[in-house]
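Per-entry structural report
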Amino acid sequence: MIVPLDIIIFLVLIIAAVLAINVKDLLAAVALLAGYSLFASLLFAGVNAVDVSLVEAALGAGLTGVLFIGAILATSRHSTAKRNLRRRWTMLPLIAAFIGLMLFASTGLPDRGDPEAPAHQGVSRTYLSQSLEDTETPNVVTSLLADYRSQDTLGETLVIVTAALAAMLVLVRREGDDEDDTRGSDPGGDTSGEARGTTDDEQESGRDPYADEREGGRR
Amino acid sequence: MMTGAYPSVVVRVVGALLSPFILLFGLYIVAHGHYGPGGGFAGGGFLAVAAILPRVTLPESLAYKLVPVHFGPLMGGVGMLLFLLCGLVPMFFGGMFLDYGAVEIAGIAASRMRYLGILVVEIGVGLAVFGAMVTIFDVLMDRSET
């Protein structure tokens, strides 16, 4: 860990995050988020968490960016966020209080790499000392994830596959669906006509953005 | 719809050139998790990128011939099943769920068995992540089959 480099990376992270929220062009926002992930992975690599760093670079900077771009291609490239000044002024003290709370809590954390820290007591000692003997795997992270804690990994994989299935359920258009339906407002197939009957309000909120999106998509 | 041949030749050529190497790197990451950074999650991510890059840059007919649409859900299911089976097999040998060391095959030590179990699990996770990501992309692009 090199302290000046870390400070620079943190500054870049904050700037990238603020810009990504404020920029109007969503493609630029995606690029900024990918840059954010890359710098975050640098930060992880700086503290020798190479596995986390690789996952952050591959999934954070690569895949989520691609998925976001896919979503942009399917909808609109320009954000139409409304600026609500009053809400901003009420949010500000809340965010400040949250940051203060986090900073206060961080003073109670053990130093990084402290061998007496609670996280390094108990089972982790056994894992670290026994991993090579038990599993012949030099990379402790891998033996932890896929052997000692493989049920956690099973759960995580299940979550990802479930996410894909849920995306299919929500987004796939079936035969017999109304052709005019946008994918965004499609409630997902065979809800009964009554439940689906659109009141004027729903129509307004459902259709108006669509017109915008179509114009945006053609640009 | 929006996928398909990208107008610029440079992007098309670079996409076509890069994706096989990304695929190879993904396989390496999946298989090399024992000795270096990586494993199923990151490797599956690279595999998915290698499949998605042609879809964004190359002509549709070619890209969807390389990795067909039904590949996504198929691989997701196969990977998940591989993981679950890998967890179930030790139970037939009297071990616990996902306790690969309990599997007894003559000539292979328990620690070696766990090593192999980790490899199979990583491959399963890699396939599942690959399938899930490709599925999500296809669904977003309105190209999925039901």
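One can find the structure itself at the top, above this paragraph.
This write-up is about the structure you can find in this document. Note that this is a predicted model, so its numbers are computed, not measured. (Residues numbered from 1 in each chain as written. Chains lettered and ligands numbered in written order. Predicted model: local features only at pLDDT ≥ 70, side-chain atom pairs only at ≥ 80, totals over all residues. Heavy atoms only, no water.)

**Considering the overall build of chain A**
The line we're drawing: The secondary structure listing takes helices from DSSP runs of H or I that are at least 4 residues long and strands from runs of E that are at least 2 residues long, numbered from the N terminus. Only protein chains enter the accessibility calculation, which uses a 1.4 Å probe. A residue is then buried if its area is under 20% of the maximum for its type, exposed if over 50%, and partly exposed in between. Pairs of residues are marked as contacts when any of their non-hydrogen atoms sit within 4.5 Å.
Counting its secondary structure elements, chain A contains nine helices and zero strands. Ordered by position from N to C terminus, the α and β elements of chain A give α-α-α-α-α-α-α-α-α. Across the 219 residues that make up chain A, the buried fraction comes to 25%. Taking the intrachain contacts of chain A between residues at least 6 apart in sequence as the baseline, contacts between residues at least 24 apart amount to 43%.

**Quick notes on the layout of surface pockets**
Residue and element names in this part refer to chain A. For clarity, the cut-off: Within this scheme a cavity is a closed region of a 1 Å grid, computed over the protein atoms alone, that accommodates a 1.4 Å probe without allowing it to escape, whereas a pocket is open but has protein on both sides within 12 Å along at least five of seven lines; lining residues each have an atom within 4 Å of a point. Grid points are joined across faces, edges and corners, and a volume is the space filled by probe spheres set on the points. Each residue gets one of three labels, nonpolar for Ala, Val, Leu, Ile, Met, Phe, Trp, Tyr, Cys and Pro, charged for Asp, Glu, Lys and Arg, and polar for the others, Gly among them.
Within this model, the second largest pocket holds a volume of roughly 660 Å³. As for the second largest pocket, its lining consists of 24 residues, and the residues nearest its centre are Ala17, Val18, Ile21, Asn22 and Arg88. With eight residues, helix H1 (residues 3-22) is the largest single contributor of residues to the lining of the second largest pocket. Its residues placed into classes, the lining of the second largest pocket shows 16 nonpolar, three polar and five charged.

**What to know about the pattern of salt bridges**
Once the charged atoms of two side chains with opposite charge are near each other, the side chains can pair. Threshold: By salt bridge we mean one thing: a side-chain nitrogen of Lys or Arg within 4 Å of a carboxyl oxygen of Asp or Glu.
Within this structure, the stated rule accounts for five salt bridges over all chains. Between Asp147 of chain A and Arg114 of chain B there is a salt bridge, and its shortest N-O distance comes to 2.8 Å. Here Arg114 of chain B lies in helix H5 (residues 110-140) and Asp147 of chain A lies in helix H6 (residues 140-148), a pairing that spans two chains. Owing to a relative accessible area of 8%, Asp147 of chain A belongs among the buried residues under this scheme. Using a relative accessible area of 17% as the deciding quantity, one classes Arg114 of chain B as buried. Three or more residues are tied together by salt bridges with common partners; here these are Asp134 and Asp147 of chain A together with Arg114 of chain B.

**Things to note about the nonpolar core**
To keep things clear, this is the line we draw: Residue types Ala, Val, Leu, Ile, Met, Phe, Trp, Tyr and Cys, when buried and joined through side-chain atoms within 4.5 Å, form a set referred to as a nonpolar core. In this entry, domain limits derive from an automatic or database-based domain assignment.
Of all hydrophobic cores here, the largest spans 42 residues; its most connected members are Leu63 of chain A together with Val121, Phe130 and Met133 of chain B. Of all the secondary-structure elements, those providing two or more residues to this core are helix H3 (50-74) and helix H7 (150-171) of chain A together with helix H1 (9-31), helix H2 (40-57), helix H4 (71-92) and H5 of chain B. With 12 residues, the single largest contributor to this core is H5 of chain B. Lining this core are residues from two domains, each supplying at least three of them: domain 1 (1-81) and domain 2 (134-174) of chain A.

**Overview of the side chain of Asp147 of chain A**
As a reminder of what qualifies: Side-chain atoms alone can form a polar contact between residues adjacent in sequence; in general such a contact is a pair of N or O atoms within 3.5 Å, and within protein one must be able to donate a hydrogen while the other accepts it.
Within polar-contact distance, the side chain of Asp147 of chain A engages the side chain of Arg114 of chain B at 2.8 Å. When neighbours within four sequence positions are excluded, Asp147 of chain A is seen to be in contact with Thr135 and Thr142 of chain A together with Tyr100, Arg114 and Ile118 of chain B.

**Focus: the environment of Val134 of chain B**
Within the secondary structure, Val134 of chain B sits in helix H5. Val134 of chain B sits 85 residues away from Val49 of chain B along the chain, and the two C-alpha atoms are 8.3 Å apart.

**Quick look at the interface of chain B and chain A**
Interface size is often expressed as the accessible area that is lost when the parts come together. Rules: Accessible-area loss on putting two parts together, using a 1.4 Å probe and summing over both, is the definition of buried area adopted here.
At the interface, 46 residues of chain B touch 42 residues of chain A. Interface area for chain B against chain A, summed over the two sides, is near 4000 Å², with a carbon-plus-sulfur share of 75%. For the chain B face of the interface with chain A, the top three residues by lost area are Phe41, Arg114 and Leu140 of chain B, together amounting to 15%. Scanning the region where chain B abuts chain A turns up three salt bridges. A salt bridge links Glu136 of chain A to Arg112 of chain B; the shortest N-O distance between them is 2.9 Å. Our count for the contact surface shared by chain B and chain A stands at nine residue pairs in polar contact (both at pLDDT 80 or more). Of all elements in the fold, only H2, H4 and H5 of chain B reach the threshold of two or more residues within the side of chain B that touches chain A. Looking at which element gives the most residues to the side of chain B that touches chain A, the answer is H5 of chain B, with 17 residues.

**Points about the packing of aromatic side chains**
Cut-off, in case you're wondering: Aromatic pairs are defined between Phe, Tyr and Trp rings, using the six-membered ring for Trp, whenever the two ring centres lie within 6.5 Å; interplanar angles under 30 degrees are classed as stacked, those over 60 as edge-to-face, and all others as tilted. Our definition puts a charge over a ring when NZ of Lys or CZ of Arg is within 6 Å of the ring centre and also within 35 degrees of the ring normal.
This model, assessed by the stated rule, comprises four aromatic pairs over all chains. In this structure, Arg112 of chain B packs its charged tip against the face of Tyr115 of chain B, placed 4.3 Å from the ring centre.

**With respect to the environment of Tyr127 of chain A**
Residues and elements named next belong to chain A. Structurally, Tyr127 is set in helix H5 (residues 123-135). Along the sequence, Tyr127 and Val140 sit 13 residues apart, while their C-alpha atoms lie 7.7 Å from each other. In this view, Tyr127 contacts Val140, Leu144, Tyr148 and Arg149; residues no more than four positions away in its chain are not counted.

**As for H6 of chain A**
Note the threshold: An arc is given here, and it is the one of the directions from the helix axis to the C-beta atoms.
When we look at burial in H6 of chain A, the residues that qualify are Thr142, Ser143, Ala146 and Asp147 of chain A. With its buried residues spanning 95° around the axis, H6 of chain A presents them on a single face. Buried positions along H6 of chain A lie against H5 and H7 of chain A together with H5 of chain B. One side-chain oxygen of the residue at the start of H6 of chain A lies 3.2 Å from the amide nitrogen of Val141 of chain A, identifying that residue as Asn139 of chain A.

**Quick notes on the environment of Asn22 of chain A**
Residues and elements named next belong to chain A. Tracing the backbone through its elements, the reader meets Asn22 in helix H1. Here Asn22 falls in the partly exposed class, since its relative accessible area comes to 40%. Separated by 57 residues in sequence, Asn22 and Ser79 place their C-alpha atoms 9.8 Å apart.

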